[in-house]
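Survey of secondary and tertiary structure
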Amino acid sequence: METILSIEGVSKSYKKIKALKNLTLTIPKGSVFGILGPNGSGKTTMMSIVLDILKADTGSYSWFGLPNSHEERKRIGSLLETPNFYHYLSAVDNLKVTQAISGRGNDAAIDEVLEIVKLTERKNSKFSAYSLGMKQRLAIGAALMGNPEVLLLDEPTNGLDPVGIAEIRELIKSLAQKGITIIIASHLLDEVEKICTHVAILKKGTLLTSGPVDEVLSNEDIVEVAAANMEQLKKCIANMGGFTSIKEENDRIQIHYPIGRSNLEMINSHCFNNGITLQLLLSKKKSLESKFFELTND
């Protein structure tokens, strides 16, 4: 899968506070990638660095596999904080101001993004008359000016009511269907589960884990095994019982168990007693509850 953003060993400190610690991460093209972590975990710092707002102390990053340049930056839309819209101007006029400042898009693009964020019927209403959800949708519309290939959103549902959250969620899904790669920073695990394809979990500047959402936030035990004779191993594991499913993954076998039911010592003994010496035996992912515990506890 093609990589949109590659981060290599990025660290950033604010005096004694280490906001990011040797962060290495790749974000695939076409993904909805959630950067998950509590406040202070380094999410906004990471986004600010890859948008060239902040300078990293060490490490590097690249977009689209190319050297960083102003031209590549034009391919990226972002919403790191609520834009400074004028309360007395309409949505159209506010976007005209955005367009004039950024140099991205034109009048036709304004109509297009207003349609995308479902504000066409209210395009001439003053910004001050908008609900919080509508204001946030307009902010995402501003980030979409210039037809970016990548969209970075920092806590896009912060402060919204359930209706507003649902509107933003559906908007993000629709943008992903258009092929836009979306990177979302959030502290809401439920939000990430519902809209993201991939996730990275940060805690106090350290990357705990990353990968596809269904693996990282799996609410089950996953054990990976491998041996010299994989066919013999597969038959041996199938006769073992106690699991919910078995999957072949490249050069290894994944054994899925109900949460808390895996037992590595038992698996190893079963294989050994059947003449198989395991070359690989590991518990791949922790449960959703374990991830939550890691995020919210020291």
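Above this text you will find the structure in question.
The following paragraphs examine the structure supplied in this document. Keep in mind that this is a model prediction, so the values were computed, not measured.

Secondary structure summary: the protein contains eleven helices and 13 strands in total. Reported as C-alpha extents along the three principal axes, the dimensions of the protein are approximately 75 × 40 × 35 Å. In the protein, 68% of the contacts between residues at least 6 apart in sequence involve partners at least 24 apart. Roughly 15,100 Å² of accessible area belongs to the protein as shown, and the carbon and sulfur atoms make up 49% of that amount. Positive and negative side-chain charges of the protein, numbering 34 and 35 respectively, have mean locations separated by a distance of 4 Å.

Below, the discussion takes up the sheet that holds strand β8 (residues 198-203). Taken together, six strands build an open sheet; the order of strands is β5-β6-β7-β3-β8-β9 and the sheet is mixed. Sheet topology places β5 (76-79) and β9 (206-212) at the edges, where each strand pairs with a single neighbour. Pairs of neighbouring strands in the sheet enclose a mean axial angle of 15°, with direction left out of account. The pairing of strand β3 (residues 32-36) with β8 spans four bridges and is classified as parallel. Across the sheet, residue Gly34 finds its bridge partner in β8, namely Val199. Sheet strands touched by helix α6 (residues 162-177): β3, β6 (150-154) and β7 (181-186). Its angle to β7, the strand with the most contacts, is close to 150°.

Moving on, we come to the packing of helix α9 (residues 230-238) against helix α10 (residues 264-273). Running from N to C, α9 and α10 cross one another at 120°; their axes reach a closest spacing of 10 Å. Taken together, the axis directions place α9 and α10 in an arrangement best described as oblique. Here the hand of the crossing between α9 and α10 comes out right-handed. Of the residues in α10, those touching α9 at Leu233, Cys236 and Ile237 are Ile267, His270 and Cys271. Classifying every residue of the contact of α9 with α10 gives five nonpolar, one polar and no charged.

With that settled, the discussion passes to the packing of aromatic side chains. What characterises a pair of aromatic rings is the spacing of the ring centres plus the angle enclosed by the ring planes. The final tally for this structure, using the stated rule, is four aromatic pairs. Each ring, one from Phe85 and one from Phe127, has its centre 5.1 Å from the other, and the planes form 55°; the classification is tilted. Of this pair, Phe85 sits in the loop between β5 and α3 (91-102) while Phe127 sits in the loop between α4 (107-116) and α5 (132-143), and the two are 42 residues apart along the sequence. On the accessibility criterion, Phe85 (9% relative accessible area) is buried. Residues Tyr86 and Tyr88 carry aromatic rings whose centres are separated by 5.8 Å and whose planes lie at 50° to one another, so their mutual orientation is tilted. Given the relative accessible area of 56%, Tyr88 is considered exposed. By way of ring pairs, the aromatic residues Phe85, Phe127 and Tyr130 are connected into one cluster. Geometry around Phe64 places Arg75 over its ring, the cationic atom sitting 3.6 Å from the centre.

Right, let's get into the sheet that holds strand β2 (residues 17-28). Reading across the sheet, the three strands line up as β2-β1-β4 and stay open at both edges, with antiparallel pairing between neighbours. Strands at the two margins of the open sheet, each flanked by one partner only, are β2 and β4 (58-63). When the angles between neighbouring strand axes are averaged without regard to direction, this sheet yields 15°. Packed onto the sheet, helix α1 (residues 43-50) meets β1 (3-14), β2 and β4 and runs at close to 115° relative to β1.

Basis of the calculations
- Residues numbered from 1 in each chain as written.
- Predicted model: local features only at pLDDT ≥ 70, side-chain atom pairs only at ≥ 80, totals over all residues.
- Heavy atoms only, no water.
- Helix = DSSP H or I, 4+ residues; strand = E, 2+ residues; numbered from the N terminus.
- Contact = heavy atoms within 4.5 Å.
- Areas by Shrake-Rupley, 256 points an atom, 1.4 Å probe, with all protein chains shown as cover.
- Lys, Arg positive; Asp, Glu negative; His and termini not counted.
- Charge placed at Lys NZ, Arg CZ, Asp CG, Glu CD.
- Pairing = 2+ DSSP bridges.
- Axes fitted to C-alpha atoms, helices over the stretch in contact; angles between N-to-C directions.
- Parallel < 35°, antiparallel > 145°, perpendicular 65-115°, else oblique.
- Left-handed = near helix turned anticlockwise from the far one by under 90°.
- Nonpolar A, V, L, I, M, F, W, Y, C, P; charged D, E, K, R; others polar.
- Phe/Tyr/Trp six-rings, centres within 6.5 Å; stacked < 30°, edge-to-face > 60°.
- Buried < 20%, exposed > 50% of the residue type's maximum accessible area, 1.4 Å probe, protein only.
- Lys NZ or Arg CZ within 6 Å of the ring centre and 35° of its normal.

This is a description of form; function is not addressed.
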